[in-house]
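For reference, the chains in residue letters:
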Amino acid sequence: MSRTRTILSVILAVAFVASACSDAPADTTTTTFPETTTTSVPDTTTTTLDPEAGFKIGPGVDLDAKTIRIGYLADLTGPFAPLVSEVTDAQAVYWDTVNEGGGIDGWTVEVVLKDTNYREQQHIVAYEEIRDSVAAIGQSAGSSTSASALDLYAEDDMLVLPLSWYSGWAFPAVDRGLLLESGTNYCFEAMNMVEFVSENEASTMAIITLANDYGLDAAAGARIGADYYGISIVHDAIGALEPGEDLTPVIQGLVDSQAEWAFLATNATMSAEIMALSAQLGYEGLFIGSQPSYDHRLLDSASAELFDTRFFHSVYTVPWGHDAAGNAVMMTALAEAYPDRRPSDAFIIGWNTSVLLREVLEIAISSTDLSRFGIVAAAASLAEVDYDGSQPTEGYVGTPAEHAIRASAIAKPTLEVYLEAGGASQTLSSGTGTTGSVLVRDFSVSAAAAAHGFTVPCHLPEG
């Protein structure tokens, strides 16, 4: 095992034990985005031109050693730690695999990892600790947390890959042209989820979401979808959830409404609590959740049967074990790195975001410009990134309406499939396995998502 994986394994193992299925409170204050509409002017004092090699370089780049340091701001101990830890593991394995294969045209990538606890202030402090020593940020976990650091990112001309699917990241007026999003945003994801609800002949729905930019962006898409398909919102709990607070009023409202479906944009622990208590109080409807609302480990819990019979969730990538070329490469690499670990769909997200960053670095290297400004320019020039069937191909040229990914898929936790494969005792070394999520609707664009103009983010913080 490489040094990168050894260090990350120790850090993440400790974090996972401390935070799995945690309800640790998070700073979910909605952040006001700066009004500036342009990327900041590059700080030329931090860009160096090497006359012999013809390379422009900036902080985090060692031309002699041919190394590029990438920062990772991950929630390793907060409310999304179980999933984020696995995303981060896969990112480390990806770069180890690249480095062991000769790097990117001889350049190797070093990972610099910091825990943010999904708190805005801790996110900012973590960034300040590494901002002078990295060339880009390969993971910035969370929507509001990433937004809180935007001023600092702009000061540094820093390319950032958010582990967040907020619709605003597609707009330079919001992200300063610095945040390179990947996959379907929360808003289009929600529209596609509501079409699935509509196809199941529902006429009433509840919307229950976190109070942060993730929850409010998803809620905006759910409202657009409900209006489009003529579904009545009979329980509006948009932005009503705060980690660590009593969920009883929200749950009682759901029970009283007897909505045919409940739309969730929460974390996995909240989803389990909402479903279990509402069922206990007599709610008989079905649930559908955004991808961050679910964790496959819930099939190991006392709520397993409830998730098996009454829950669906959206996915940004095909599930673990799905027949996709991109998955096959990833599964082999993860099995070699962590033979005793179990399958996780979060590994796929981490792997694919690294595929995206590699595409950016390849362009920057071929352009002989590894300054921060050059890396941002390389990202803006990406016309197509192909994930070999693991998730929809995407690009970043044109307007947000032209390049934003509108397709997503729907999966069903299936206890029988999960248990037949070995359940929690599955290991990556078997070469197969499943998280139990089975696609019930392949990647597609709903009529609501296709019709949406997307000229502004679906949710914009007030102020």
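This structure is a prediction, so every number in the text was calculated from the model and none was measured. (Residues numbered from 1 in each chain as written. Predicted model: local features only at pLDDT ≥ 70, side-chain atom pairs only at ≥ 80, totals over all residues. Heavy atoms only, no water.)

Colleague: Tell me about the overall build of the protein chain, and name the residues and values.
Modeller: Scanning the protein chain for helices and strands turns up 17 helices and 15 strands. For the protein chain, the proportion of its 463 residues judged to be buried stands at 61%. Contacts spanning at least 24 positions in sequence make up 77% of the contacts within the protein chain whose residues lie at least 6 apart. Accessible area of the protein chain: about 16,600 Å², with a carbon and sulfur share of 52%. (Helix = DSSP H or I, 4+ residues; strand = E, 2+ residues; numbered from the N terminus. Buried < 20%, exposed > 50% of the residue type's maximum accessible area, 1.4 Å probe, protein only. Contact = heavy atoms within 4.5 Å. Areas by Shrake-Rupley, 256 points an atom, 1.4 Å probe, with all protein chains shown as cover.)

Colleague: Could you give an account of the state of the cysteines, with specific residues and numbers?
Modeller: With the rule as written, the count across this model stands at 1 disulfide. Each sulfur of the disulfide joining Cys-187 and Cys-458 lies 2.0 Å from the other. Between Cys-187 and Cys-458 the sulfur-sulfur dihedral comes to about -85 degrees; the bridge is accordingly left-handed. Remark: Cys-458 occurs in the segment after helix 17 (447-451) and Cys-187 occurs in helix 7 (residues 186-199); sequence separation between them is 271 residues. With relative accessibility at 1%, the residue Cys-187 sits in the buried group. (Disulfide = S-S within 2.5 Å.)

Colleague: Hey, could you go over helix 8 (residues 213-229) for me, with residue numbers and the actual values?
Modeller: The end-to-end C-alpha distance of helix 8 is 24 Å, a good match for the 24 Å that 17 residues give at a rise of 1.5 Å each. The buried fraction of helix 8 is high, at 13 of 17 residues. Looking one or two places after helix 8, you find Gly-230, whose phi comes out positive at around 70 degrees. (Expected span 1.5 Å × (residues − 1).)

Colleague: Tell me what's going on with the pattern of salt bridges, and back it up with residues and numbers.
Modeller: For side chains of opposite charge, pairing can occur when their charged atoms come near one another. Considering all chains together, one arrives at 13 salt bridges under this definition. In this structure, the salt-bridge partner of Arg-131 is Glu-155, at a minimum N-O distance of 3.0 Å. Residue Arg-131 is found in the loop between helix 3 (120-130) and strand 6 (136-141), and its partner Glu-155 is found in helix 5 (residues 150-155); the two are separated by 24 residues along the sequence. The partner of Asp-300 in a salt bridge is Arg-342, with the nearest N and O atoms 3.0 Å apart. Here Arg-342 lies in the loop between helix 12 (325-337) and helix 13 (345-366) and Asp-300 lies in the loop between strand 11 (286-289) and helix 11 (304-310), a separation of 42 residues in the sequence. Its relative accessible area of 17% is what places Arg-342 among the buried residues. (Salt bridge = Lys/Arg side-chain N within 4 Å of Asp/Glu carboxyl O.)

Colleague: Pulling in residues and values, what's your account of the packing of helix 2 (residues 81-100) against helix 13?
Modeller: Contact geometry for helix 2 and helix 13: axes closest at 7 Å, N-to-C directions at 45 degrees. With respect to their mutual orientation, helix 2 and helix 13 come out oblique. Along this stretch, helix 2 crosses helix 13, giving a crossing that reads as right-handed. Contacts between helix 2 and helix 13 involve Leu-83, Glu-86, Val-87, Asp-89, Ala-90, Gln-91, Val-93, Tyr-94, Trp-95, Thr-97 and Val-98 from the first element and Ala-346, Phe-347, Ile-349, Gly-350, Trp-351, Thr-353, Ser-354, Val-355, Leu-357, Arg-358 and Leu-361 from the second. When the residues that make up the contact of helix 2 with helix 13 are grouped by side-chain class, the tally is 14 nonpolar, 5 polar and 3 charged. (Axes fitted to C-alpha atoms, helices over the stretch in contact; angles between N-to-C directions. Parallel < 35°, antiparallel > 145°, perpendicular 65-115°, else oblique. Left-handed = near helix turned anticlockwise from the far one by under 90°. Nonpolar A, V, L, I, M, F, W, Y, C, P; charged D, E, K, R; others polar.)

Colleague: Now, about the side chain of Asn-352: what can you tell me, with residues and values included?
Modeller: Assignment of secondary structure puts Asn-352 in helix 13. Residue classification places Asn-352 among the buried residues on the basis of a relative accessible area of 3%. Not counting chain neighbours up to four residues away, the residues in contact with Asn-352 comprise Thr-317, Tyr-387, Ser-390 and Gln-391.

Colleague: Explain the packing of aromatic side chains residue by residue, including any values.
Modeller: Per the stated rule, a full pass over the model turns up 21 aromatic pairs. With centroids separated by 4.7 Å and ring planes inclined at 45 degrees, the aromatic side chains of Tyr-186 and Tyr-214 adopt a geometry described as tilted. Placement of the pair is Tyr-186 in helix 7 and Tyr-214 in helix 8, with a sequence separation of 28 residues. For the pair Tyr-186 and Tyr-214, a shared accessibility class is recorded, and that class is buried. Between Phe-196 and Trp-261, the aromatic rings sit 6.1 Å apart at their centres with planes inclined by 85 degrees, giving edge-to-face as the arrangement. Within this pair, whereas Phe-196 is found in helix 7, its partner Trp-261 is found in strand 10 (residues 261-265), the two being separated by 65 residues in sequence. Exposure class is identical for Phe-196 and Trp-261. Each is buried. One cation-aromatic arrangement involves Lys-412 over Phe-312; the distance from NZ or CZ to the ring centre is 5.3 Å. (Phe/Tyr/Trp six-rings, centres within 6.5 Å; stacked < 30°, edge-to-face > 60°. Lys NZ or Arg CZ within 6 Å of the ring centre and 35° of its normal.)

Colleague: An account of the confidence of the model for the protein chain is requested, with residue identities and associated values reported.
Modeller: Put simply, the protein chain has an average pLDDT of 89, and 88% of its residues get 70 or more. Throughout residues 1-45 the model reports pLDDT below 50, and contacts reaching past four residues in sequence, or to other chains, amount to 108 contacts. (pLDDT = per-residue confidence, 0-100.)

Colleague: Could you give me a rundown of the nonpolar core, with the residues and numbers involved?
Modeller: Within the largest apolar cluster, 145 residues are counted, with the highest numbers of intra-cluster contacts made by Leu-159, Phe-263 and Leu-370. The element best represented in this core is helix 13, accounting for 12 residues. Beyond its immediate chain neighbours, meaning those up to four positions away, Leu-370 contacts Phe-55, Lys-56, Ile-57, Gly-58, Val-61, Ile-68, Trp-107, Leu-361, Ala-364, Ile-365 and Ile-375. (Core = buried A, V, L, I, M, F, W, Y, C linked by side-chain atoms within 4.5 Å.)

Colleague: Let's hear about unusual backbone geometry: which residues, and what values?
Modeller: Unlike most non-glycine residues, Asn-117 shows phi in positive territory, near 60 degrees. For Arg-176, which is not glycine, the phi dihedral falls at a positive 60 degrees.

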